[in-house]
Amino acid sequence: MGKMAAALGSVATLATEPGEDAFRKLFRFYRQSRPGTADLGGVIDFSAAQAARGSGPVAHKVVRSQLSVSSVSDHDAHRAGLQPVSNWRAYGLEGYPGFIFIPNPFLPGYQWHWVKQCLKLYSQKPNVCNLDKHMTKEDTQDLWEQSKEFLRYKEVNKRRPRSLLEKLRWVTLGYHYNWDSKKYSADHYTPFPSDLAFLSEQVAAACGFEGFQAEAGILNYYRLDSTLGIHVDKSELDHSKPLLSFSFGQSAIFLLGGLKRDEAPTAMFMHSGDIMVMSGFSRLLNHAVPKVLPSSQGESLPCCLETPPPAVLPRDSVVECCSMEDWQVCSSYLKTARVNMTVRQVLATDQDFPLEPMEENKRGITTEGFCHLDDEKSHVKRARLNPDS
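Draft legend 1. Local environment of the pattern of salt bridges. Counted under the stated rule, the structure contains 14 salt bridges. Two residues, R79 and D76, come together in a salt bridge whose shortest N-O distance is 3.5 Å. Remark: D76 and R79 occur in helix α4 (residues 74–79); sequence separation between them is three residues, near one turn of the helix. With a relative accessible area of 24%, D76 lands in the partly exposed category. Here K241 and D238 are joined by a salt bridge, their closest N and O atoms 3.3 Å apart. Comparing K241 with D238, the two get one shared label, buried.

Structure, rendered in structure tokens:
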């Protein structure tokens, strides 16, 4: 109680910079916060017992969310590596209708698949990534193969330059987002991964959105000094469908604000395996990630990633076995990083993209903008590219 009061007091007395709004003020506070101190006392932890009991100074905001248990069979949940929906715990927040937080519903070991896909498969061409701006397609053809030996022996040679995977900041899937025009278009599409589409459809159905179609994805790759600036995801043409967010690796602080940035946001932890759903009123709210939290045990993995998947998977599972050699690379990466997958439906059923002038179509996919994701050290870059500046 004392720690939380101290944390909230620290926020209240934090100096405001000229022109700074309430969201930016808290973003700056948490970006500069120190793990293990009272700074994080006001951050909601949905995986903690207090969230389940609904007690404590901030937990009064936490409410239980109802899931559509009958919409997803136990078999289909298992195919995606998820526990039966009846075993999930889901929460919402007072004042944020449509926001659903599901603390790690994955079966033990099944997160390995999704981490491996983000690093090994989804990063490959024809998908688009931030490195395309500075390198040829041949140079970025297979980031995994070019990086795996560096990562496998990372602890032996800590002074080595970063591998290409460690320089990866974002990847787009399906309808590729154009960072210049802030639009999707029919001209820039590659097949959306079927396994991620199936996972997303099960989670959406469990949250009451049967018929959700995974059409676009943005994967963010965070280092310990990375932030995700304040923004709203509004480029999709159909806002009636939810935005799904899946987190793996090191924990982070997520800020969920209001329709305007003068509304102070609510802070919460995102741990490995956690899923967030933003729908309805919450679909177009300001949000950001001001800080990735290093493990308190030094460079180590979250406990939920230490268990390997079962040797035998369901015959029709969309999850594949992950070899120990591949996991050695993934685990080395995740000891100082986190990966987030966001999945969206871009178009309403039977909707088409509006016709655009030819000049707009010719611009193609560019990588200016860095998906608002920058390293803490890149102050000049963030000031120019991030919408939170």
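Let's pick the thread back up.
Draft legend 2. Broad picture of the packing of aromatic side chains. Under the definition given, this model contains ten aromatic pairs. Measuring from ring centre to ring centre gives 5.0 Å for F29 and Y30, while their planes differ by 80 degrees; the resulting arrangement is edge-to-face. By relative accessible area, F29 is classed as buried at 8%. Residue Y30 is classed as buried on the basis of its relative accessible area, which comes to 4%. The ring of F198 carries R79 above its face, with NZ or CZ at 4.4 Å from the centroid. Here the basic side chain of R338 rests over the ring of Y222, its NZ or CZ set 4.6 Å away from the ring centre.

Rules and cut-offs
- Residues numbered from 1 in each chain as written.
- Predicted model: local features only at pLDDT ≥ 70, side-chain atom pairs only at ≥ 80, totals over all residues.
- Heavy atoms only, no water.
- Salt bridge = Lys/Arg side-chain N within 4 Å of Asp/Glu carboxyl O.
- Helix = DSSP H or I, 4+ residues; strand = E, 2+ residues; numbered from the N terminus.
- Buried < 20%, exposed > 50% of the residue type's maximum accessible area, 1.4 Å probe, protein only.
- Phe/Tyr/Trp six-rings, centres within 6.5 Å; stacked < 30°, edge-to-face > 60°.
- Lys NZ or Arg CZ within 6 Å of the ring centre and 35° of its normal.

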